[in-house]
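Tertiary structure, described
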2 protein chains.
Amino acid sequence: MQYRTIIRITGLLMGLFSITMLPPALVAIFYNDGEGMAFIKAFVVSLLLGFCLWYPNRYHKADLRTREGFLIVVLFWTVLGSIGSLPFIFANNPDMSWTDSFFESFSALTTTGATVIVGLDDLPKAILFYRHLLQWLGGMGIIVLAVAILPVLGIGGMQLYRAEIPGPVKDSKMTPRIAETAKALWYIYLFLTLACAAAFWFAGMSAFDAICHSFSTIAIGGFSTHDASMGYFNSPVINLICVVFLLISAINFSLHFAAVTNKGFNLKVYLKDAEFKVLIAVQLILTAICFFVLFQTNIYDSAEETLDHALFQAVSVSTTAGFGTESFHSWPLFLPMLLIFSSFIGGCGGSTAGGMKVIRIILLVLQGSREMKRLVHPRAVFTIKIGNSVLPDRVIDAVWGFFSAYALVFIVSMLALMAFGVDELTAFSTVAACLNNLGPALGEAASNYATLGDGSKWVLLITMLFGRLEVFTLLVLLTPTFWKN
Amino acid sequence: MQYRTIIRITGLLMGLFSITMLPPALVAIFYNDGEGMAFIKAFVVSLLLGFCLWYPNRYHKADLRTREGFLIVVLFWTVLGSIGSLPFIFANNPDMSWTDSFFESFSALTTTGATVIVGLDDLPKAILFYRHLLQWLGGMGIIVLAVAILPVLGIGGMQLYRAEIPGPVKDSKMTPRIAETAKALWYIYLFLTLACAAAFWFAGMSAFDAICHSFSTIAIGGFSTHDASMGYFNSPVINLICVVFLLISAINFSLHFAAVTNKGFNLKVYLKDAEFKVLIAVQLILTAICFFVLFQTNIYDSAEETLDHALFQAVSVSTTAGFGTESFHSWPLFLPMLLIFSSFIGGCGGSTAGGMKVIRIILLVLQGSREMKRLVHPRAVFTIKIGNSVLPDRVIDAVWGFFSAYALVFIVSMLALMAFGVDELTAFSTVAACLNNLGPALGEAASNYATLGDGSKWVLLITMLFGRLEVFTLLVLLTPTFWKN
Ligand SMILES: [K+]
Ligand SMILES: [K+]
């Protein structure tokens, strides 16, 4: 293992990441909200720490193999998540414990969007802006991870994308392609964010709210500047804008990349993609079920209002954004549970969404039906195809394995929470919400995670990481094989 | 599909099964409890129905292929479950609805042991005896199914047993071997039941209770003649006898078969078996956790009493028997949840236990660790071994597929229950208890299932069947491929 090269890279990352502290510092000065010093301190500390890691190892530039790739990816999220907690630790308002600071930072960076802060509306603007900025950067990190790195590492069948998707990643060389790919994705990401912010602003949000919510929408993070979340604006137009941009962000960014580069904008790229079609179908079905049940129970005054809320919540939860409207918790429990289960599906691979990803669900269904065909015709040979190409056994095993590992992490985390005395509904829903990087949960954590114990918060923080790192990236580090030479 | 042969066999089965009604009728006469007529009626109806199916098709004796095997297995459980409900429908005491009668019958025959009857202590003896008899017959059916039929059908990787276990089933011809195997297993099953009944009787149970509880112990069914279940006897000796016979019944009966036939009794057969060792390890770990937590919370007066209850409940729930002691529901919720999760593991394949079976958990763990080794060394080839032989890919796929299908049935059933308005804890625990053929649940169904709605009961009845038929046997019947020629 090339430890010194890895430490050098980690140091560089920290130095780079320290710049993140400067825009919130400017916001603090602009609004004169008194929290500027927290960000200046955080900037200095992270820059110094980064320098201390980088300087002694600055000449170590060994070539990295796949194995080191796992370690760097995990370090990327854990180190930045830890550094990211500094402003919360340093801030006077809100006055947060170390556990809460780490939880909030990891929740933001993994785009989970579970919060331990109560009273968002009265928070200093700099802190609000920083939370959204963290989500936005996390979202960018996820896309690079999912489009450029995980396919190379071969996590959970994602090597599939290497050959299949008409995207930017086609060969298995890691370093040169990543930079190039990241740059292209960055432009798309930035463009979508600007478009989303402009739309929110035209629809009546303040400039500050528009920017913050565009960050958390495109990152499918779900943070809001208000305790009431999107419900604060009480605007069907804003809800609809949010839905549209969530759906765009839940699509594989390789598709956006392919659609844009072919001179002009080529919509056919999307319509040819099976994962995109299933994503849209899932949203339509969920919206229809929510609409039907809500219409029966007469919670809203009109069919239009029912449709507005049904569509918004279905898309918000199932794409794992987790934005709320005021009335969500008065829905019959079946609907929140259905939507939480749907968050296990999540968005497409290579998007900012969480969950197991639509592509894996498609593969699980195809593999399951192959198993049944095999039972009926034990001697026949059945292949599984995506588009025109046959799936290798390696990918099939990886997808089954991913599903089982996901279930294992879910069960262990849920039992751990219950061992800390958390009730069943809260344990179930918070673990689902964190593992799927969804955010809001039910029971005790229905409005926020503030009242959970410290032990529970650390378990959930680790659960978020497992979800964001597609389980295996983190799990593989716990095996002896990984550390053997 | 050889429909007329299948109908002939179903008719024969029904005729044979009608005999089941006679012993309870004798019990009714012996105790003069007034419910004899219900069983006479049920006997006549099932004999006649069976005759009507058999007579027109009595010359149809076509050879059956694998595909017809699935249909016969499913018919076996659904038809006998339906016929088995007749005495409950005909009885005056208890006065049960059709839904409740079907639920009780299917719950008994699948050895789930969930009950909708309140006031077991005051029930006519004939009804009590009949419930236990149904479980006992169900247990026998499961062993034949698991040892002789499922390996041939290749459900969920169980073809593994065909070559691996030193048991009676070694070739793939279905019909002749089944009868021979069934006879040998029957003797073992009968011997264990007699031994268990004698032990219970010596330990202080009435002869009636001893026989009834030996039936539900060996079948790992969990029915009792008392509302307080085993807690009624309040005897550490009886608890221990129950634990020992539950463990014996949770072992693959092929092992018992192999241990007995080698002239004398060969204990080494067990110690060489990986599945047996893991089963025992799981029980020890669960008992230790329960003991530790209970000892901390001071629910019982002494360490001995704590150990008695910890061991009994750990084994009772994790082998999927579901016998209770009075104090179980006063345990901290974490322990019941842990044990309910452990019931997903269940007993060994080829036993009367439910759950996913220890062997599949072993394979899932082996397969999962292979996935991680593959991530670290993408070019290396890793095989999975059980004992000395390498597992074929076909078995690996089947086990992954089994796990996913099990999870799917769990989620769909749970959502269906919640759609009927059942709360989260009840839905979660009843679906787990029925899918794993465990029986008792938590929440609303903590003592019995009586207060659940009819819709919920039918969902749970189907869930029991899915569990007992190892999901795929039933699922495959829902695919178009199965019915195509
Ligand atoms: K989220
Ligand atoms: K049971």
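Predicted model only: the values in this text are computed from it and were never measured. (Residues numbered from 1 in each chain as written. Chains lettered and ligands numbered in written order. Predicted model: local features only at pLDDT ≥ 70, side-chain atom pairs only at ≥ 80, totals over all residues. Heavy atoms only, no water.)

This part covers the overall build of chain A. Looking only at helices and strands, one finds 22 helices and two strands in chain A. Relative to its 485 residues, chain A shows a buried fraction of 63%. Once local pairs closer than 6 in sequence are excluded, the contacts in chain A between residues at least 24 apart make up 72%. When the accessible surface of chain A is totalled, it reaches about 18400 Å², and 67% of it is carbon and sulfur. In chain A, 29 positive and 29 negative side-chain charges are present, and the distance between their average locations comes to 19 Å. (Helix = DSSP H or I, 4+ residues; strand = E, 2+ residues; numbered from the N terminus. Buried < 20%, exposed > 50% of the residue type's maximum accessible area, 1.4 Å probe, protein only. Contact = heavy atoms within 4.5 Å. Areas by Shrake-Rupley, 256 points an atom, 1.4 Å probe, with all protein chains shown as cover. Lys, Arg positive; Asp, Glu negative; His and termini not counted. Charge placed at Lys NZ, Arg CZ, Asp CG, Glu CD.)

To continue, consider helix α15 (residues 303-318) of chain A. All names here are of chain A. When the terminal C-alpha atoms of α15 are compared, their 22 Å separation across 16 residues agrees well with the 22 Å that a helix rising 1.5 Å per residue should span. Among all positions of α15, only T306, D308, H309, A310, F312, Q313, A314, V315, S316, V317 and S318 are buried. Close packing links the buried residues of α15 with α11 (236-249), α14 (274-297) and α16 (334-342). (Expected span 1.5 Å × (residues − 1).)

Here we take up the coordination of the potassium ion (ligand 1). All names here are of chain A. Each protein donor to the potassium ion (ligand 1) is listed here as T111 (O), T112 (O), I220 (O), G221 (O), T320 (O), A321 (O), N437 (O) and L438 (O); together their distances run 2.5 to 3.1 Å. One chain supplies every donor for the potassium ion (ligand 1), spaced along it as T-T-x107-I-G-x98-T-A-x115-N-L. Remark: L438 occurs in the loop between α19 (424-435) and α20 (454-468) and A321 occurs in the loop between α15 and α16; sequence separation between them is 117 residues. (Donors = N, O, S within 2.8 Å, 3.2 Å for Na, K, Ca; no water.)

Many structure descriptions define interface size as the accessible area lost when the parts assemble. The interface is formed by 45 residues belonging to chain B together with 45 residues belonging to chain A. For the pair chain B and chain A, the summed buried surface comes to about 4100 Å²; carbon and sulfur atoms form 74% of the total. Our count for the chain B to chain A interface comes out at six salt bridges. Residue R394 of chain B pairs with E371 of chain A through a salt bridge whose shortest N-O separation is 3.5 Å. (Buried area = accessible area lost by both parts, 1.4 Å probe. Salt bridge = Lys/Arg side-chain N within 4 Å of Asp/Glu carboxyl O.)

To continue, consider the packing of helix α4 (residues 66-84) of chain A against helix α7 (residues 125-153) of chain A. All names here are of chain A. For the pair α4 and α7, interaxial distance at closest approach is 12 Å and the crossing angle is 175°. When the axis of α4 is compared with that of α7, the two are roughly antiparallel. When α4 is examined against α7, the residues T66, G69, F70, V73, W77 and G84 are found in contact with a partner set consisting of Y130, L134, G138, G141, I142, L145, I149 and L153. Its residues placed into classes, the contact of α4 with α7 shows nine nonpolar, five polar and no charged. (Axes fitted to C-alpha atoms, helices over the stretch in contact; angles between N-to-C directions. Parallel < 35°, antiparallel > 145°, perpendicular 65-115°, else oblique. Nonpolar A, V, L, I, M, F, W, Y, C, P; charged D, E, K, R; others polar.)

All names here are of chain B. Protein-derived ligands of the potassium ion (ligand 2) are T111 (O), T112 (O), I220 (O), G221 (O), T320 (O), A321 (O), N437 (O) and L438 (O), with the metal-ligand distances lying across 2.5 to 3.1 Å. Donor residues for the potassium ion (ligand 2) sit on one chain with the sequence pattern T-T-x107-I-G-x98-T-A-x115-N-L. Placement of T112 in the loop between α6 (98-109) and α7 (125-153) and of N437 in the loop between α19 (424-435) and α20 (454-468) is noted, with a sequence separation of 325 residues between them. Judged by its relative accessible area of 0%, N437 falls in the buried class.

In this section: the relation of the copies chain B and chain A. Each copy superposes on the other: chain B lies on chain A with an RMSD of 0.0 Å after a rotation of 180° and an axial shift of 0.0 Å. Such values leave the two copies arranged in the relation of a two-fold axis. Proximity to the rotation axis, assessed at the C-alpha, singles out W400 of chain B in chain B; its C-alpha lies 2.8 Å from the axis. Taken together, the interface assignments show that 100% of the residues at the interface of chain B recur at the interface of chain A, consistent with an identical surface on both copies. (Least-squares fit on C-alpha atoms with pLDDT ≥ 70 in both.)

Moving on, we get to the UniProt feature "binding site: K(+)" (unreviewed entry) in chain A. Residue and element names in this part refer to chain A. In the numbering used here, UniProt assigns the "binding site: K(+)" (unreviewed entry) feature to T111, T112, I220, G221, T320, A321, N437 and L438. These annotated residues cover 328 residues of sequence, and their C-alpha atoms all fall within 9.1 Å of one another, placing them together at a single site. Along the chain, I220 turns up in the loop between α10 (207-218) and α11. What makes I220 buried here is its relative accessible area of 0%. Contact partners of I220, with chain neighbours within four places excluded, come to T111, L246, S249, A250, T319, T320, A321, T352 and A353. The residue T320 is located in the loop between α15 and α16 in this model. Apart from residues lying up to four places away in sequence, T320 is in contact with I220, S343, G346, A353, G354, G355, N436, N437 and L438. (UniProt positions renumbered as here; feature names shortened; annotations may be inferred.)

Counting residues in each nonpolar core, the largest one holds 338 residues, and the members touching the most others are Y449 of chain A together with Y449 of chain B. In contact with Y449 of chain A, not counting residues within four places along its chain, are F103, A114, T115, V116, T430, A433, C434, G439, P440, A441, K457 and L460 of chain A. (Core = buried A, V, L, I, M, F, W, Y, C linked by side-chain atoms within 4.5 Å.)

Before going further, it helps to examine the pattern of salt bridges. Enumeration according to the criterion identifies 16 salt bridges over all chains in this entry. Linking K457 of chain A and D100 of chain A is a salt bridge whose minimum nitrogen-to-oxygen distance equals 2.8 Å. Note that K457 of chain A is positioned in helix α20 and D100 of chain A in helix α6 (residues 98-109), a separation of 357 residues in sequence. Comparing K457 of chain A with D100 of chain A, the two get one shared label, buried. Salt bridges sharing partners connect three or more residues here, namely R370, E371 and R374 of chain A together with R394 and D397 of chain B.

With that out of the way, let us pick up α7 of chain A. Residues and elements named next belong to chain A. The terminal C-alpha atoms of α7 lie 39 Å apart, and with 29 residues this matches the ideal 42 Å at 1.5 Å per residue to within 8%. Maximal helix bending in α7 amounts to about 40°, located at A146. With 27 of 29 residues buried, α7 is to be regarded as a mostly interior element. (Bend = angle between axes of the 7 residues up to and from the residue.)

Mapped onto the fold, K263 of chain A is located in the loop between α12 (253-261) and α13 (268-271). With 241 residues separating them in the primary sequence, K263 of chain A and L22 of chain A have C-alpha atoms 37 Å apart.

Moving on, we get to the packing of aromatic side chains. Under the counting rule described, the total for this entry stands at 60 aromatic pairs over all chains. With a centroid separation of 6.4 Å and 20° between ring planes, the pair formed by W98 of chain A and F102 of chain A is classed as stacked. Of the two residues, W98 of chain A and F102 of chain A are both situated in helix α6; the distance of four residues between them amounts to about one turn of the helix. Residue F102 of chain A is classed as buried on the basis of its relative accessible area, which comes to 14%. Measuring from ring centre to ring centre gives 5.4 Å for F402 of chain B and Y406 of chain B, while their planes differ by 35°; the resulting arrangement is tilted. With a gap of four residues between them, F402 of chain B and Y406 of chain B both fall in helix α18 (residues 393-419), about one helical turn apart. We classify F402 of chain B as buried; its relative accessible area is 1%. (Phe/Tyr/Trp six-rings, centres within 6.5 Å; stacked < 30°, edge-to-face > 60°.)

Looking now at the packing of helix α17 (residues 358-376) of chain A against helix α18 (residues 393-419) of chain A. Residue and element names in this part refer to chain A. Look at α17 against α18: their axes get within 10 Å of each other, and the N-to-C directions meet at 110°. The angle between α17 and α18 falls in the class roughly perpendicular. Touching R360, L363, L364, Q367, G368, R370 and E371 of α17 are D393, V395, I396, V399, W400, F402 and F403, all from α18. When its residues are assigned to classes, the contact of α17 with α18 shows eight nonpolar, two polar and four charged.

Before going further, it helps to examine the confidence of the model for chain A. Averaged over every residue, the pLDDT of chain A is 88; residues scoring 70 or more account for 94%. Low confidence marks residues 162-175 of chain A, where pLDDT is under 50. Its contacts with residues over four positions away, or in another chain, come to 30 contacts. (pLDDT = per-residue confidence, 0-100.)

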